[in-house]
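What the coordinates show
Here's the letter readout for the chains.
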Amino acid sequence: MVTTRSRLREYFHTEYQPGERKLVRKIDFFILTFCCLSYFTNYLDRSNLSNAYVSGMKEDLGFVGDQLNVINTCFTVGYVIGQIPANLSLHYVKPRYFFPACMLVWAGLTMVTASARTPGSIMAIRFFQGVAEATTFVGTHYILGSWYTERELGKRSGIFTASGLAGTMIGGFIQTGINSSLDGRSGLRGWRWLFIIDGLITLPVALYGFIFFPDTPSTTTAFYLTESEKALAVARVPPVEDRSPVSWTFFKNAFSSWFFWGFVVMWIIAGETESFSSNALMALYMKSHPTTKYAVSQLNNYPTGVPAVGIASTLFWATLTDFLNGKRYLVGYFIGITGVVTSAMIVAASKDPTNPASTAVVFGAYYWAGAVYACQATFFAWANDALRYEQHMFRAIVLAGMNLGSNAVNAWWSIIFYGASMAPWFTRGMWAMIAVSILLAVWTAVLSYTTARHEKARKAEFAASSGVVDHKTAEYA
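Residues numbered from 1 in each chain as written. Predicted model: local features only at pLDDT ≥ 70, side-chain atom pairs only at ≥ 80, totals over all residues. Heavy atoms only, no water.

In contact at an axis separation of 8 Å, helix α3 (residues 67-89) and helix α6 (residues 134-147) are set at 40 degrees when each is read in the N-to-C sense. Considering the angle they form, α3 stands oblique to α6. The element α3 and its partner α6 pack so that their crossing is right-handed. Counting all contacts with α3, which are made through Tyr 79, Gly 82, Gln 83, Ala 86 and Asn 87, the residues of α6 involved are Ala 134, Thr 135, Phe 137, Val 138 and Gly 139. (Axes fitted to C-alpha atoms, helices over the stretch in contact; angles between N-to-C directions. Helix = DSSP H or I, 4+ residues; strand = E, 2+ residues; numbered from the N terminus. Parallel < 35°, antiparallel > 145°, perpendicular 65-115°, else oblique. Left-handed = near helix turned anticlockwise from the far one by under 90°. Contact = heavy atoms within 4.5 Å.)

What follows is the structure in structure tokens.
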């Protein structure tokens, strides 16, 4: 009990160097506000497709079969293509220029979607939108890993990820409001107004980033940071050699590293445990319900509980793993259990589809499944923690590779296992979820053991080169 109390006191009352607390508050305000607002609008723009689909777009544009999934695949292909080039661009173009420029592009494409007349035109738009949005998630995690210490990173990653889920959650309510107030205004259906308004919301956020985003500690020219604060920001993170990545040797070393493949494979597996939520299965289940016809407002509002659970789970696990000194791997075991149990619940409910209790079980399973979103913040924080002593751009490559690998698989995974035509039960997808959930738990165990050994060795090496003896590391290394 005494140990727990002392750890809680230490966690909530972190000792800072003179001026460090003020620096952290400043970067919290300027980095987190922009990154969270950017990711919020990013997910708002992404989720509006599913909201529009159940709010009249399907009928207006004549969607058939799995065309909704094909559109998502087009977005994913563009997203995959843009991953590594976008993250490497941060080495040459200042983030405060690059991030807002990408936002302006995807905001424009979101608004252009309002003019679409066929599913095919949306496929083309979403492809280029995926390219523009490629750097938002992994680029931000790269920036967070550049500014924050290991002790601070989990909470910030959690807040950032939660902001995207908030975009998904609020998107449903926005569509409901638009459908009731703007449907038919100026001859446009409500779902078309949704794309216009979502695009407009993004524009002031881009302007804010252009003016206030501080880039990285070693390159920042932010007017609100003093020279001593800039020096302190650099000193807070381990010094690593930062060579230009454009060389055959760099790519050869990066792609042959166990770090790269360990985290990439982990996120490929973990990414598919989010399939229930990322493919809007609850909304599709309701749209194709065997006995009940839900109103448009219900189709948009009821699924918002899924990202709400995701937000709570993300913040809980991000904070807990920070408190437990970075034990991010615990989330892998939690997600493994969640995936197996929720899939089994839906499979069981499908055996008696007309029973009212069946609907309650499915709703409960999909809401609980929203908790797996916790892996986004914690796993990318885990990668940032493990790569803290490596080259900055190698870390950027690994983070981009994680998202690239996951989306490359998801491009075809969603069509095979979660096609819209498979609603309402997605039986094949339920068994796929059980398989990847078990595999995630196994991979988490292997990767946690490997990274723990490597981190002890690198900490000892860093302490020796700095002339500081880490007695705890020396004893157990």
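Next comes the rest of the write-up.
Proximity of charged atoms lets side chains of opposite charge pair with each other. A complete count under the given rule lists 13 salt bridges for this structure. With its nearest N and O atoms 2.7 Å apart, the salt bridge here joins Glu 20 to Arg 236. Of this pair, Glu 20 sits in helix α2 (residues 20-61) while Arg 236 sits in the loop between α9 (227-235) and α10 (248-255), and the two are 216 residues apart along the sequence. Taking relative accessible area as the criterion, Glu 20 reaches 7% and is therefore assigned buried. With relative accessibility at 9%, the residue Arg 236 sits in the buried group. One salt-bridge network, in which partners are shared between bridges, spans Lys 155, Asp 322, Arg 328, Asp 385 and Arg 388. (Salt bridge = Lys/Arg side-chain N within 4 Å of Asp/Glu carboxyl O. Buried < 20%, exposed > 50% of the residue type's maximum accessible area, 1.4 Å probe, protein only.)

This part covers the nonpolar core. Met 57, Phe 263, Phe 276, Tyr 366, Phe 379, Met 402 and Tyr 418 are the most contacted members of the largest nonpolar core, which totals 122 residues. Per-element tally for this core: the top contributor is α2, with 15 residues. Setting aside chain neighbours within four positions, we find Tyr 418 in contact with Asn 69, Ser 275, Phe 276, Asn 279, Leu 281, Trp 413, Phe 426, Gly 429, Ala 432 and Met 433. If you look at the next biggest cluster of nonpolar residues, it comprises seven residues, including Leu 44, Ala 166, Ile 311 and Tyr 373. (Core = buried A, V, L, I, M, F, W, Y, C linked by side-chain atoms within 4.5 Å.)

A surface patch of nonpolar side chains, amounting to about 720 Å² of accessible area, comprises Tyr 92, Val 93, Tyr 97, Leu 207, Phe 210, Ile 211 and Phe 223. In terms of residue count, helix α8 (residues 190-212) provides more of the nonpolar patch than any other element does, three residues in total. Relative to the helices and strands, Phe 223 is located in the loop between α8 and α9. On the accessibility criterion, Phe 223 (60% relative accessible area) is exposed. (Patch = residues over 30% accessible without salt bridge, like charges linked within 9 Å, V, L, I, M, F, W, Y side chains within 5 Å. Areas by Shrake-Rupley, 256 points an atom, 1.4 Å probe, with all protein chains shown as cover.)

Further remarks concern the environment of Arg 388. Looking at the element boundaries, Arg 388 is found in the loop between α18 (374-386) and α19 (392-418). Looking at Arg 388, the relative accessible area reads 11%, which means it is buried. For the pair formed by Arg 388 and Glu 455, sequence separation is 67 residues and the distance between their alpha carbons is 9.3 Å.

Turning our attention to the environment of Leu 32. In this fold, Leu 32 is placed in helix α2. C-alpha separation for the pair Leu 32 and Ala 116, spaced 84 residues apart in sequence, amounts to 34 Å. Residues contacting Leu 32, with those up to four places away along its chain left out, are Ile 27, Leu 37, Leu 144, Tyr 148 and Arg 156.

A few words on the confidence of the model for the protein chain. With 91% of its residues at a pLDDT of 70 or more, the protein chain has an overall mean of 87. Here helix α21 (residues 471-476) is the element of the protein chain with the lowest mean pLDDT, 35, and helix α16 (residues 330-350) is the one with the highest, 97. Counting interchain partners and residues more than four positions distant, the pLDDT-below-50 stretch residues 468-477 has six contacts. (pLDDT = per-residue confidence, 0-100.)

Counted under the stated rule, the structure contains 44 aromatic pairs. Seen in terms of ring centroids, Phe 30 and Phe 212 are 5.7 Å apart; in terms of plane orientation they differ by 20 degrees. Their pairing is stacked. Within this pair, whereas Phe 30 is found in helix α2, its partner Phe 212 is found in helix α8, the two being separated by 182 residues in sequence. With a relative accessible area of 24%, Phe 212 lands in the partly exposed category. Their ring planes at 75 degrees and their centres at 6.3 Å tell us that Tyr 285 and Phe 363 sit as a pair that is edge-to-face. A residue pair is termed long-range when its members are at least 10 positions apart, and Tyr 285 in helix α13 (residues 281-287) and Phe 363 in helix α17 (residues 356-369) qualify at 78 residues. A relative accessible area of 0% means that Tyr 285 is categorised as buried. Residue Phe 363 is classed as buried on the basis of its relative accessible area, which comes to 13%. Positioned over the ring face of Phe 210 is Arg 96, at 5.9 Å from the centre of the ring. (Phe/Tyr/Trp six-rings, centres within 6.5 Å; stacked < 30°, edge-to-face > 60°. Lys NZ or Arg CZ within 6 Å of the ring centre and 35° of its normal.)

Two elements in contact, helix α7 (residues 150-181) and α8, have axes whose closest approach is 9 Å; the angle formed by their N-to-C orientations is 125 degrees. Taken together, α7 and α8 sit at an angle that is classed as oblique. Once α7 is placed against α8, the crossing between them reads as right-handed. Contact with α7, carried on its side by Ile 174, Gln 175, Ile 178 and Asn 179, involves Gly 190, Trp 191, Trp 193, Leu 194, Ile 197 and Asp 198 of α8 and no other residues of that element. The residue makeup of the contact of α7 with α8, split by class, is six nonpolar, three polar and one charged. (Nonpolar A, V, L, I, M, F, W, Y, C, P; charged D, E, K, R; others polar.)

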